[in-house]
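One-letter residues, chain by chain:
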Amino acid sequence: MILSNCQEFPDYSQTPYTDEIHYHQLAENLIKFKEYAAVTGGFFNTSIRPPTYPVFSSVFSFLSNHSYHAHHFFNFVFDLVNLFLIFLLGSLLYGSRCGIWATVVYGFFGPAFVYLKFGTSEILVVSLILSSIIYLYCLQQIGGLHYVIAAGFCYALLIHARPAFMLILPVIFVFSRYRSSRSIFIGSLKNCALTIFLVAILMIPWLYRNYKHHGNIIPVCTVAGWHLSAHVRSLSELPVELMWRYVYDPKRRGYTEGDYYNEATRDSIKLARDTPIKSTLIGLIRIGYAWGFAKPYFRILNPKSYVYPIYLNDKSFVPLLDFEGLFYLGVLIVLSLVIFNKRFIKKRYKKWFFGSKSIIILLLAYILVHTISIPMIQYRFVIEPMIIILIIGLIFHLSGIENPPEDFEVWQQRSLFIPATIFIIMSISFSSLYMFAYGTEKYRKTVDYSLITCHQDHASGYLNYRDIREIQWQDYGMLSSRQFVTTMGEVKYLVKNRKFISSQISAIQSRGSVAKLFVRKYDPENFLGMGDLKLNFKHDPKSLKDGDIICVSGIAETDPFREIIIHVEHFEIVK
C-alpha cells in the first residue's frame, strides 16, 4: 500500500484518473445528495457507472469521514483478499504448491500496485471474479444450495461492477459435470440453471432503476451507450473526432444516456447481422491491438519486457513483475518442458486442460465479448490473475511435480471463510445504501446562483454556461469562435502547476493552477448541477481551495473531448 502511493501522480485527466474522479463523484453524491449521478464529458448522467464499486466506496468514505485515502484502504483490504483467493483457487485446481506460487507471483505483480493507488474498480472486480469461480467450481464438484446462493450473489455483484460478464452469463453451464452419471449431470445442470436464475433475479432492481430514469430496458448502464455503437466502426482506439461527432450530432440533441444505449444496441445488432465475419474480425484485431504487447517483435529478448517499474522518484524504482514478461517466461518454460520431457506431455496436458476447461472457456468468452466493446488495458488486468494461475498450473502438470488438490471436504470449509467475509462487507455496504437513501445524512445547502452577482463589470455579449453549451450543439461539440464566458460554480480537483491546452487530452506542466469547476443551477429537483468546465488560471490563486464557490470570466474553447476550457482572466470568490 505504501509502495503504491509512492508513485508520481499522473497527468490530470489521464486514465484511470478520470475514472477515479467519476467514481469519487458518484460515491460522494450518493452520500451527500442521496443521488447516484455525476457529470462526465459535459453531460449530467444518472447512471454513468455500474453501481457495485461506487456503493462500497461510499461506505468506506462515510466511515472515514470522507477521507481522501478511503479508497486506498478499500483497495488494500480487497487486494489482501485477492492474495488468499488466488491461493485458494490455485490449490483447488492444482494443489497447494501451485496456490502458493501463484500467490507469490501476484504479490510481486506490478500492475496490481498501480491499481491499488487509484479509486477505481479493478481490484474489487478481481475479488468478485475469483470468488465467483471458486464457488462455481465448488458447485461443480460438491453441489449444494449454499454454493448456488454464493455463486449467484458474487456473479450478480460482478455484473454490476463489470457489465461485460452479463453477456457471458450462459457460460456458467460449462461448470456442469457432464462426464458424470445422468442423475449427477442433470442435478449439476439444475444447479447452474438456479445460479443463472438467481443472478437474473438480483439484476431486476438495477434494471428497474434504469427503466425508471430512462424509460428503456437497460440491464446495466456502462459509461455511455454511444461507446458501443461508435467503437464497432473502428479497428483500434476509438477516434476522438468520430466519437464526438456522433455524440454531438445535432439530431441527437436532447438524447439521454438510455437513448444512446438503445441506439448503440440496435446498431451493433444490425452490424453483426449484416456483416458478421467482418465485424468479428475487426473486433478481434482491435482486441489484439489493445491487449497485445507493444512492439512485439523480439521483445521476448528484451529484459525490459519482464520488469514493471514502480517509481519512487524520478531516478529510483522498484522492479516488479510485468504480465508481458510472465507470459513470455511461461511460454519459454512450457516449450522447454515439451522439448525435454516428451514422454508424458500429452497425457499431462490433457489432465490440465480438462481440469481447467471451465475457466478457460469463461476467459475466452470474456475476451470475445470485447469484439463489440472497448478493450481497454484495465479490462485485461482483471483476468490476468486467472491467467497466472493457469500458466503456473500448466507448468506444474507438465513437469510432473504437481500435488493433487486436497479433499473437497476439507476445502468445503476453507473455501467459505474469506468469500463469506466479503459477503458480510457487501451486505453492510448495501444496507448502508438503504440508510443513505432514506436520510441519516442532511442535505448540503445548495447555492441559488440567480441571487448572487459578481462585482465585475460585464460587457454585453458575455455568455454563461448554458449559452456556451447551446453553441456546442450547433457545431458537433466545437466552439466555432473564441467566446467570452462568465459563470459560477464550485471548485473541485484543484491541481497546482498544470495547464489545459485545447490540442491535448491531458494537462501539461505549466506555471499556475488548473481546476475543475462544477457549474450548478438552482433547481430543487436537480440540485446536483448541469456540468463542469476546466479552468486555466494565469497566476497561481493561492487563496483558492476546493469547495470554494467562485465567479470566473474568460475566453472559452474546447479540448479533443469537447470539454470546455476557460482561460480565466478574472475570478472572484463568492462563498
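Just so it is clear, the structure is predicted and the values come from calculations on it, not from any experiment.

Engineer: How do you make sense of the overall build of the protein when you look at a structure like this?
Structural biologist: The secondary structure content of the protein amounts to 19 helices and nine strands. By the burial criterion, 53% of the 575 residues in the protein qualify as buried. Sequence separation of 24 or more characterises 72% of the internal contacts of the protein that already satisfy a separation of 6 or more. With the model as given, the accessible surface of the protein reaches about 26,900 Å², and the carbon-plus-sulfur share is 63%.

Engineer: When you look at the pairing of strand 8 (residues 549-558) in this model, what are you seeing that I'm missing?
Structural biologist: A regular strand places its side chains so that they alternate between the two faces of the sheet. Of all 10 residues in strand 8, 10 are buried, a share of seventy percent or more. Note that strand 5 (residues 483-499) and strand 8 share eight bridges and pair antiparallel. Each bridged residue has a counterpart across the sheet, and for Met-488 the counterpart in strand 8 is Cys-551.

Engineer: When you look at the pattern of salt bridges in this model, what are you seeing that I'm missing?
Structural biologist: In a structure, side chains of opposite charge can pair up when their charged atoms sit close to one another. All told, the structure shown has six salt bridges when counted by the stated rule. Between Lys-545 and Asp-548 there is a salt bridge whose closest N-O contact spans 3.2 Å.

Engineer: Help me understand the packing of helix 3 (residues 70-94) against helix 6 (residues 122-141), please; the structure alone is not making it clear to me.
Structural biologist: Geometrically, a packed helix pair is captured by the angle between its two axes and the distance between the axes. Packing of helix 3 against helix 6 brings their axes to within 9 Å, and their N-to-C directions diverge by 30 degrees. Here helix 3 is positioned roughly parallel relative to helix 6, judged by the angle of their axes. Crossing angle aside, the handedness with which helix 3 passes helix 6 is left-handed. Mapping the contact onto sequence places Phe-74, Asn-75, Phe-78, Asp-79, Val-81, Asn-82, Leu-85, Ile-86, Leu-88, Leu-89, Leu-92 and Leu-93 in helix 3 and Ile-123, Leu-124, Val-126, Ser-127, Leu-130, Ser-131, Ile-133, Ile-134, Tyr-137 and Cys-138 in helix 6. Here the contact of helix 3 with helix 6 is composed, by residue class, of 17 nonpolar, four polar and one charged.

Engineer: Sorry, what's going on with the packing of helix 15 (residues 345-369) against helix 17 (residues 384-399) here?
Structural biologist: Where helix 15 contacts helix 17, the axes come no closer than 8 Å and their chain directions differ by 165 degrees. Comparing their axes, helix 17 and helix 15 come out roughly antiparallel. Judged by the twist between their axes, the crossing of helix 15 over helix 17 is right-handed. In this structure, helix 15 uses Ile-345, Arg-348, Tyr-349, Lys-351, Trp-352, Ser-356, Ile-359, Ile-360 and Leu-363 to contact helix 17, whose residues at the interface are Met-386, Ile-387, Leu-390, Gly-393, Leu-394, His-397, Leu-398 and Ser-399. Residues belonging to the contact of helix 15 with helix 17 are distributed by class as follows: 11 nonpolar, four polar and two charged.

Engineer: Could you clarify how one ought to interpret the nonpolar core in this entry?
Structural biologist: Soluble globular proteins tend to pack their nonpolar side chains together in the buried interior. Tyr-155, Ile-168, Tyr-366 and Phe-381 are the most contacted members of the largest nonpolar core, which has 94 residues in total. Top contributing element to this core by residue count: helix 6, with 14 residues. Excluding anything up to four places from it in sequence, Ile-168 contacts Tyr-155, Leu-362, Ala-365, Tyr-366 and Val-369.

Engineer: Hey, could you run me through unusual backbone geometry in this one?
Structural biologist: Unusually for a residue other than glycine, Tyr-476 sits at a positive phi of about 50 degrees. Its location among the elements puts Tyr-476 in the loop between helix 19 (465-472) and strand 5. We classify Tyr-476 as partly exposed; its relative accessible area is 25%.

Procedures and definitions
Residues numbered from 1 in each chain as written. Predicted model: local features only at pLDDT ≥ 70, side-chain atom pairs only at ≥ 80, totals over all residues. Heavy atoms only, no water. Helix = DSSP H or I, 4+ residues; strand = E, 2+ residues; numbered from the N terminus. Buried < 20%, exposed > 50% of the residue type's maximum accessible area, 1.4 Å probe, protein only. Contact = heavy atoms within 4.5 Å. Areas by Shrake-Rupley, 256 points an atom, 1.4 Å probe, with all protein chains shown as cover. Pairing = 2+ DSSP bridges. Salt bridge = Lys/Arg side-chain N within 4 Å of Asp/Glu carboxyl O. Axes fitted to C-alpha atoms, helices over the stretch in contact; angles between N-to-C directions. Parallel < 35°, antiparallel > 145°, perpendicular 65-115°, else oblique. Left-handed = near helix turned anticlockwise from the far one by under 90°. Nonpolar A, V, L, I, M, F, W, Y, C, P; charged D, E, K, R; others polar. Core = buried A, V, L, I, M, F, W, Y, C linked by side-chain atoms within 4.5 Å.

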